[in-house]
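Spelled out, the chains give:
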Amino acid sequence: MDKKIKTNTLLEQKVDSLLAQMTLDEKIGQMTQVRHFDDITLEDIKAKYIGSVIHTQGPLPGNDATEWQDKFIDMQEQALDTRLGIPLLFGVDAVHGQNTYEGATIFPHNIGLGASRNADLVEKIATITAIESKATGFNWVFSPCVAIPFNEKWGRVYEAFSEITEITTELTKASVRGHQGLTEPFTVMATAKHFIGDGATDFGVEGGNTTLSLEEVQQRLLPPYQAAIEAGVGSVMASFNKLDGISMHAHKAMITDLLKESLHFDGIVVSDWKAYSRFGETEIINAGIDVVMAVDGDLGMFQEGVRNAVLNGVIPQSRIDDAVRRILRQKFRVGLFDNPFPDKKLIKKIGIKKHREVARQAVRESLVLLKNDNDTLPLRKASKIVVVGEFGDNTGLQSGGWTVNWQGTTENYKDATSILEGIRKFSTQEVIYDHDGSANPDNVDVAVIVVGETPYAEFFGDIGGEMNKYQLTLSDAHQKLIGHYVEKGIKVVVVLISGRPLVVTKQIEQSNAFVAAWLPGSEGDGIAEALFGEYDFKGKLPHSWPKSEADYNGKYGPNFWDSGIKPLYPIGYGLNYK
Ligand code: GLC
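Residues numbered from 1 in each chain as written. Predicted model: local features only at pLDDT ≥ 70, side-chain atom pairs only at ≥ 80, totals over all residues. Heavy atoms only, no water.

Description of the overall build of the chain
Then, in step 1: Regarding its fold elements, the chain presents 19 helices and 16 strands.
Then, in step 2: Taking 578 residues into account, the globule formula puts the C-alpha radius of gyration at 25 Å, and the chain, at 24 Å, falls close to it.
Then, in step 3: When its C-alpha atoms are laid out on the principal axes, the chain stretches across 80 × 50 × 45 Å.
Then, in step 4: Contacts in the chain between residues far apart in sequence, at least 24 positions, make up 77% of those at least 6 positions apart.
Then, in step 5: When the accessible surface of the chain is totalled, it reaches about 20,100 Å², and 50% of it is carbon and sulfur. (Helix = DSSP H or I, 4+ residues; strand = E, 2+ residues; numbered from the N terminus. Rg over C-alpha atoms; globule rule 2.2 N^0.38 Å. Contact = heavy atoms within 4.5 Å. Areas by Shrake-Rupley, 256 points an atom, 1.4 Å probe, with all protein chains shown as cover.)

Here's what the structure looks like:
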């Protein structure tokens, strides 16, 4: 039994005695989360009794980890200088490593970890992410996303592990344990998100409407949250989607009655980005939200609104006390009252070789070999190889969204290695690089053609959504790249970089070998280790693989639980060299 489930009476006494001393304004301050820049002055951290700070998109806290830590130390000193000296939590979207910090170890996104099915590896990755997040001043990560994606049109499929509930449940538990350490105080506080139904909206619309029945929600979507709670997860983030027409941020029955009461979740329910401005602060707090994320310029108005709502009885005092009790409980658990400051000694651990070796293992184990005719793979070291396509030598393009920037980057970033660099390490011949199919190299034995999706995050990646920048098939340019080499009669190995399964039936037929590489992150050379047979392929599909765009005519894509749409490859499919 995890220690967390048993009530820690000493902890509860500390929480209650501190809560009893707090004024209404101090309580509202604890529920307020601000961005670390322009939203807030150092004086206001103290004057408004702010409880937590977030870094995500936007100006960096400094030029290096030391400056990041120093900025947060300045803010922490303000919080400690308040009447009761309640320390700040610092939250960050470290969803595949500390990906907001350039130079950190960037792991494959969760879809690749789902393909690895390796819980021990997921726990190790979470532990390293916690260390590199602490090294940059944070003690709260908004990870893992435990969604069950029903439709690959959704722009966040890659943030989740799998469409299989059991795999997601097992990897969620590993992720929470890795992030939070195996004993209290936690290394960082983890966040299971987005509660609930984020990946199951009709037609995969981010923030859309989930029309599953309650029993389907309980059967398919709830188990990862139950596992996270059993593993002691410190926070749960509410979701932007509706559940049968009711916004999840205002869904008291799900947040308070089910999650807090029935499932005994005693941590923090944090809202998603500026949800108070979409759904109203009173509605979301009464539904059970404890921390309101990213209150920026209208900080005074927000706190005034909540204060008046409490004084007028619209928000019960007991609701405020429940929220603050949960916040204090997690601050004690994460060790903030013992040591509220970051440890400068951790900075030298950012991006170290040992961390990158784990990331390279994750890259290898995430790859799914979909086709390998006539032993095209493993590549021979003496073969004449051409690597084709901009994705073949661009670490930004191989890493997906939430890398350096919210929407990722299309440039190389610090300390990452590309697929081409990895192939050059193993080949004994000169490896030719054909950036855009115009090189026309002669007497080449095999072409490794790297194609796929440019980075995206959230609704930017929705297919058919408001942005509509992405599609279920490869771009015309990428289809032409493959066709160009096939017509030359050269053996073709396609490496697909994507945040989700795509409709590539034709390209699979055209190629001699085909690898689904998902979004590998900084250690692109891990792909070469599998292509040259240094390691065998181990990855198994975490999603059913579509055969045509017609597979998406309904609310959901092809999936393993609804035989109505036969996939090209079933869940669990994946070849290897043996
Ligand atoms: C975003 C995302 C959520 C993220 C949060 C903070 O809107 O939905 O996953 O943790 O805001 O960036």
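A short note on the packing of aromatic side chains
Then, in step 1: In this structure the tally under the stated criterion is 20 aromatic pairs.
Then, in step 2: A centroid spacing of 5.0 Å and a plane angle of 65° characterise the contact between Phe 72 and Phe 138, whose relative ring orientation is edge-to-face. Pair noted here: Phe 72 is in helix H4 (residues 65-80) and Phe 138 is in the loop between helix H6 (119-135) and strand E4 (140-141), with a separation of 66 residues, a long-range link. Taken individually, Phe 72 and Phe 138 each receive the classification buried, so the pair is uniform in this respect.
Then, in step 3: Taking the centre distance of 4.5 Å and the plane angle of 55° together, the rings of Phe 150 and Trp 561 count as tilted. Within this pair, whereas Phe 150 is found in the loop between E4 and helix H7 (165-180), its partner Trp 561 is found in the segment after helix H19 (525-531), the two being separated by 411 residues in sequence.
Then, in step 4: You can call Trp 561 partly exposed: its relative accessible area is 23%. (Phe/Tyr/Trp six-rings, centres within 6.5 Å; stacked < 30°, edge-to-face > 60°. Buried < 20%, exposed > 50% of the residue type's maximum accessible area, 1.4 Å probe, protein only.)

Remarks on the pairing of strand E2 (residues 52-55)
Then, in step 1: What you see with E2 is no split at all: Ser 52 and Ile 54 on one side and Val 53 and His 55 on the other are buried throughout.
Then, in step 2: Taking the sense of rotation as the criterion, the β-α-β connection linking strand E1 (residues 33-35), helix H3 (residues 42-47) and E2 turns out right-handed.
Then, in step 3: As paired elements, E2 and strand E3 (residues 89-92) share four bridges and run parallel to each other. Its bridge partner lying in E3, Val 53 is registered against Phe 90.
Then, in step 4: You can see the chain leave E2, run along H4 and come back into E3, and the turn it takes is right-handed. (Right-handed = clockwise from strand over helix to strand, strands pointing away. Pairing = 2+ DSSP bridges.)

Some points on the site of the ligand
Then, in step 1: Taken together, the neighbourhood of the ligand is formed by 14 residues, with Asp 93, Arg 156, Lys 193, His 194 and Asp 272 sitting nearest.
Then, in step 2: The separation between an oxygen atom of the ligand and a polar side-chain atom of Arg 156 is 2.8 Å.
Then, in step 3: Residue Glu 458 places a side-chain N or O atom 3.1 Å away from an oxygen atom belonging to the ligand.
Then, in step 4: Bound to the protein, the ligand loses 96% of the 310 Å² it would expose on its own.
Then, in step 5: Grouping the amino acids of the shell around the ligand by side-chain chemistry returns seven nonpolar, two polar and five charged. (Near = heavy atom within 4 Å. Polar contact = N/O pair within 3.5 Å; in protein donor to acceptor, adjacent residues only side chain to side chain. Nonpolar A, V, L, I, M, F, W, Y, C, P; charged D, E, K, R; others polar.)

Observations concerning the domain arrangement of the chain
Then, in step 1: Under the domain assignment used here, the chain contains domain 1 (31-347) and domain 2 (367-552).
Then, in step 2: Of note, the centres of domain 1 and domain 2, computed from C-alpha atoms alone, are 33 Å apart.
Then, in step 3: Counting each side, the surface lost to burial between domain 1 and domain 2 is near 3,000 Å², with a carbon and sulfur contribution of 54%.
Then, in step 4: Here domain 1 and domain 2 share zero salt bridges between them.
Then, in step 5: Taken together, the connections running from domain 1 to domain 2 amount to 27 residue pairs in polar contact (both at pLDDT 80 or more).
Then, in step 6: Here the side of domain 1 that touches domain 2 is composed, by residue class, of 13 nonpolar, 14 polar and nine charged. (Domains from an automatic or database assignment. Buried area = accessible area lost by both parts, 1.4 Å probe. Salt bridge = Lys/Arg side-chain N within 4 Å of Asp/Glu carboxyl O.)

Observations regarding the side chain of Gln 361
Then, in step 1: If you trace the backbone, Gln 361 turns up in helix H15 (residues 353-366).
Then, in step 2: Sequence-distant contacts of Gln 361, that is, excluding residues within four places in its chain, are made with Asn 118, Leu 121 and Lys 124.

Considerations on the environment of His 109
Then, in step 1: Within the element layout of this structure, His 109 appears in the loop between E3 and helix H5 (110-116).
Then, in step 2: Looking at His 109, the relative accessible area reads 1%, which means it is buried.
Then, in step 3: Each C-alpha atom of the pair His 109 and Ala 160 lies 8.1 Å from the other, and the pair is 51 residues apart in sequence.
Then, in step 4: A distance of 3.5 Å separates a polar atom in the side chain of His 109 from the backbone oxygen of Ser 399.
Then, in step 5: There is a polar contact of 2.9 Å between the side chain of His 109 and the backbone oxygen of Gly 401.

Looking at the nonpolar core
Then, in step 1: If you look at the biggest cluster of nonpolar residues, it comprises 98 residues, and the most contacted ones within it are Phe 195, Ile 196, Val 233 and Ile 320.
Then, in step 2: With six residues, helix H14 (residues 317-333) is the largest single contributor of residues to this core.
Then, in step 3: Of all hydrophobic cores here, the second largest spans 74 residues; its members include Trp 154, Val 495, Val 515 and Phe 532. (Core = buried A, V, L, I, M, F, W, Y, C linked by side-chain atoms within 4.5 Å.)

Comments concerning unusual backbone geometry
Peptide bonds are mostly trans, and most non-glycine residues show a negative phi.
Then, in step 1: Omega for the peptide link from Ser 143 to Pro 144 comes to 15°, which places this bond in the cis form.
Then, in step 2: Going from Leu 377 to Pro 378, the amide bond is cis rather than trans, its omega being 0°.
Then, in step 3: Its place among the elements puts Pro 378 in the loop between strand E11 (368-372) and strand E12 (385-388).
Then, in step 4: Of note, the phi angle at Ala 294 is positive, near 65°, even though the residue is not glycine.
Then, in step 5: Among the secondary structure elements, Ala 294 is positioned in the loop between helix H12 (281-287) and helix H13 (299-311).

Topic: the sheet that holds strand E8 (residues 242-243)
Then, in step 1: Across the sheet, three strands lie side by side as E6-E8-E9; this open sheet has mixed pairing. Each end of this open sheet is capped by a strand with a single partner; those strands are strand E6 (209-210) and strand E9 (246-247).
Then, in step 2: Examined bridge by bridge, E6 and E8 share two bridges and lie parallel to one another. Residue pairing across strands places Thr 210 opposite Leu 243, the latter belonging to E8.

Observations concerning the packing of helix H8 (residues 214-221) against helix H9 (residues 223-230)
Then, in step 1: Interhelical geometry of H8 versus H9 gives an angle of 50° and a closest axis separation of 5 Å. Viewed along their axes, H8 and H9 adopt a mutual orientation that is oblique. Contacts from Gln 218, Gln 219, Arg 220 and Leu 221 in H8 reach Pro 223, Pro 224 and Tyr 225 in H9.
Then, in step 2: Among the residues making up the contact of H8 with H9, the classes are represented as four nonpolar, two polar and one charged. (Axes fitted to C-alpha atoms, helices over the stretch in contact; angles between N-to-C directions. Parallel < 35°, antiparallel > 145°, perpendicular 65-115°, else oblique.)

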